Amino acid sequence: MAARLTTYVVVAIVAATLIAGLIVGAQRDDEAGPVDVIVFNARVFTADGSDGRAEAVAIRGNQILRVGSDREIARLRRPQTLMVDAAGGSVLPGFNDAASRVLDGGLVLDTVDLSGAVTEADVLARIETWASAHPLRPWVVGRGWSAEMFSKAGPTRQQLDSIVEDRPAYMISADGHAAWVNTAALGRAGILRRSGKSARLVEPASGAIESVRGVIEPASGVIEPASGVIEKDPRTGLPSGVLRRAAIARVARLLPPATREERAQALRAAIAEAHAQGITSVQDAGVSADDIAIYDEARRAGDLTLRVYASLVAQPDATTKTLADLDSVSARYPDDPLFKAGGVRVTVVDSPAVDEAHAGAKAPPAGGTAPDALNRLVRLLDARGFQITVEAPGERAARLALDAFEHAAMSNPEPARGRRHRIESSGAVDRADLPKFGPLGLIAVLRPAAPVAAVDLETATAPQGESVPVTTSLAAALTAARIRLALATGWPDSAVRPLESVVAAVARPETEGLTLVRRVEAFTSSPAYASFDEQRKGSIEPGMLADLVVLSRDIFAAPAATVDATAAADVAVTIFDGRIVYRRSARPTN
């Protein structure tokens, strides 16, 4: 017995020695091998669930090698190591935008940017400058104006006419709910036509752009969309040049579609803009087959320096062939760290008013979504293993989505990897419905920087069905209910600036209780989970992909992480796949 015990002890000692040797050997390999990049003098937020903080990160190839103190990581430095001094700024996992339309965002970058304008004169000057610089563009298109930029009378079509008379001009508002157009655009849409010097109505010539001189009258037969408004000049009763909500589509549908080359160029511009904002991953909210091909071409050329999870689009009345096509595309682009397509996006329309936010882009069909049709589609997609995102802009839409997910869960066995379906833009959710999220494993996606964030983050619906402001924000209520929350910019409907989204989420007193840590996680680790990527990105740990953003200051330093501390931060360096892809200024220190 004693001999046997002695044998066990010896074996245990030998095993422990071997294990220790392996550990030491691995550490020596780490220390002996090449180290490509070291970020030091930092306040590293690891986002690994431990609220861990460190001072430095070592990168080898495209993976994080070590995380630790400046002294620990400094020992790994080699002659070829690129040293990045964070100057005391926060280092976070690369931002992951949980919902944006990337190629559309890139196209917007090539239009008139009115965001940040303060005065009417500034707005008009920006439009005139762009129009002069692009004389061959058939339309002058821009985005980002708001009523505060104008006098009480503006904006008007006459203002646009004064600087763009030779072609249609179309300016979408910052919130996407209104368009400001000139007379030529109204004429192209059949809303206004020239009638010479008489006051009689003239039937419009199909597709013609009429002269803007002379008396302009409403075109014969023009009917205001039920869920939209064509604003009128109170003095003349004629359209003022501002279209709201669904009425925007009257002009938006006439915009020349971008060519394939223009969309490919837009992708390159979008990637550069994403890098400048610290974004290393995006979840493209609804791509076409052509968009998939553009992404794939960029990947094969080595130009796709952004991790993309693409969601295809399906309508509730999808046919068997449509579903087969979705299967085919998804099979061609399976799970991959750089590009994959495994999601499907569905938009719920529960009343004519719900499609207001979509009128300027890919508007959902008129009328409401039939619950049976939605249940059928979600059930079929779920059975095929797709991750489903339901865009549910309102309270009833969210309830329809929840019912559809419940129906699918009862009808289909759960796949091995789980479901992780998502409800996006759930701006008004009955608090009685929140308990349904957890058992279904649903992820809530909110866009705090969007102009409609007052709905997304500040209101909920009382059980009796009346939408009312509440003291506890929806975001905080989701958090309290232990529902996983991911944040998104919603680009191009709002700016592609995650830091601004973090500020928007904290700047409202109603969001008290949603900590800065929680908000940062909702732009890093939570979106990684939402795309089934939490094992390779979303946190700063050894073995994870080396996607980092270095901020110009420590956003966690101020007491209670105040808004000012976050707002003052800028993106200093963006690292993607172990390489610096953006540097705001200057030289890394070697």
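Preceding this section is the structure that the text describes.
Residues numbered from 1 in each chain as written. Predicted model: local features only at pLDDT ≥ 70, side-chain atom pairs only at ≥ 80, totals over all residues. Heavy atoms only, no water.

### What about the overall build of the protein chain?
Next up, step 1: From N to C terminus, the protein chain includes 19 helices and 28 strands.
Next up, step 2: Counting over 590 residues, the protein chain shows a buried share of 52%.
Next up, step 3: Nonlocal contacts in the protein chain, meaning residues at least 24 apart in sequence, comprise 71% of its contacts between residues at least 6 apart. (Helix = DSSP H or I, 4+ residues; strand = E, 2+ residues; numbered from the N terminus. Buried < 20%, exposed > 50% of the residue type's maximum accessible area, 1.4 Å probe, protein only. Contact = heavy atoms within 4.5 Å.)

### Remarks on the nonpolar core
Next up, step 1: Core analysis: the biggest nonpolar cluster contains 83 residues, and Leu92, Ile292, Tyr295, Leu381, Phe405 and Phe437 have the highest contact counts within it.
Next up, step 2: With eight residues, the top contributor of residues to this core is helix α12 (residues 395-411).
Next up, step 3: Setting aside its immediate chain neighbours within four residues, leucine 381 contacts Leu323, Leu326, Val344, Val346, Phe386 and Ile388.
Next up, step 4: Val37, Val39, Val57 and Val91 belong to the second-largest nonpolar core, a separate cluster that totals 19 residues. (Core = buried A, V, L, I, M, F, W, Y, C linked by side-chain atoms within 4.5 Å.)

### Section: helix α10 (residues 320-332)
Next up, step 1: Compared with the 18 Å implied by 1.5 Å per residue over 13 residues, the 19 Å span of α10 between its first and last C-alpha is a close match.
Next up, step 2: Packed against the buried residues of α10 are α9 (289-300), β18 (307-313), β19 (339-347) and α11 (371-383). (Expected span 1.5 Å × (residues − 1).)

### So, the pattern of salt bridges
Close approach of charged atoms allows side chains of opposite charge to pair.
Next up, step 1: One pass over the full model with this rule turns up 31 salt bridges.
Next up, step 2: Of the charged contacts in the structure, one is a salt bridge between aspartate 233 and arginine 235, with a shortest N-O distance of 3.3 Å.
Next up, step 3: Assessed through its relative accessible area of 15%, aspartate 233 is described here as buried.
Next up, step 4: Salt bridges linked by common partners bring Asp335, Lys340, Asp533, Arg536 and Lys537 together as one network. (Salt bridge = Lys/Arg side-chain N within 4 Å of Asp/Glu carboxyl O.)

### Points about the sheet that holds strand β10 (residues 140-145)
Within a sheet, adjacent strands bond to each other through the backbone by hydrogen bonds, running parallel or antiparallel.
Next up, step 1: Strand order in the open sheet formed by six strands is β9-β10-β11-β12-β16-β15, and the pairing between neighbours is mixed. If you trace the sheet from one side to the other, it starts and ends with β9 (112-113) and β15 (228-232), each paired once.
Next up, step 2: The sheet contact formed by β15 and strand β16 (residues 239-245) spans four bridges and is antiparallel. Note that in β16 the partner of valine 229 across the bridge is arginine 244. (Pairing = 2+ DSSP bridges.)

### Looking at the layout of surface pockets
Next up, step 1: Computed from the structure, the second largest pocket encloses a volume of approximately 600 Å³.
Next up, step 2: In terms of lining, the second largest pocket is formed by 23 residues, of which the most central are Asp113, Ser115, Ser494, Ala495 and Arg497.
Next up, step 3: Elements that contribute at least two residues to the lining of the second largest pocket include exactly β9 and β10.
Next up, step 4: Here the lining of the second largest pocket is built from residues that sort into 11 nonpolar, six polar and six charged. (1 Å grid on protein atoms, 1.4 Å probe; cavity = no way out; pocket = protein on both sides within 12 Å on 5 of 7 lines; lining within 4 Å. Points joined across faces, edges and corners; volume = space filled by probe spheres on them. Nonpolar A, V, L, I, M, F, W, Y, C, P; charged D, E, K, R; others polar.)

### A look at the packing of α11 against α12
Next up, step 1: Their axes nearest at 8 Å, the elements α11 and α12 cross at an angle of 45°. Relative to α12, the element α11 is oriented oblique. Here α11 and α12 pass one another in a crossing that is right-handed. Contact residues: Pro371, Leu374, Asn375, Val378, Arg379 and Asp382 in α11; Leu400, Ala401, Asp403, Ala404, Phe405, His407, Ala408 and Ser411 in α12.
Next up, step 2: Of the residues contributing to the contact of α11 with α12, the split by class is eight nonpolar, three polar and three charged. (Axes fitted to C-alpha atoms, helices over the stretch in contact; angles between N-to-C directions. Parallel < 35°, antiparallel > 145°, perpendicular 65-115°, else oblique. Left-handed = near helix turned anticlockwise from the far one by under 90°.)

### Topic: the packing of aromatic side chains
Next up, step 1: What the rule picks out here adds up to seven aromatic pairs.
Next up, step 2: Taking the centre distance of 6.1 Å and the plane angle of 85° together, the rings of tryptophan 145 and phenylalanine 150 count as edge-to-face.
Next up, step 3: A relative accessible area of 10% places phenylalanine 150 in the buried class.
Next up, step 4: Taken together, Trp145, Phe150 and Trp180 form an aromatic cluster joined through their ring pairs.
Next up, step 5: Against the face of phenylalanine 532 rests arginine 417, its NZ or CZ located 3.8 Å from the ring centre.
Next up, step 6: Residue placement shows arginine 484 over the ring face of tyrosine 529; its charged tip is 3.8 Å from the ring centre. (Phe/Tyr/Trp six-rings, centres within 6.5 Å; stacked < 30°, edge-to-face > 60°. Lys NZ or Arg CZ within 6 Å of the ring centre and 35° of its normal.)

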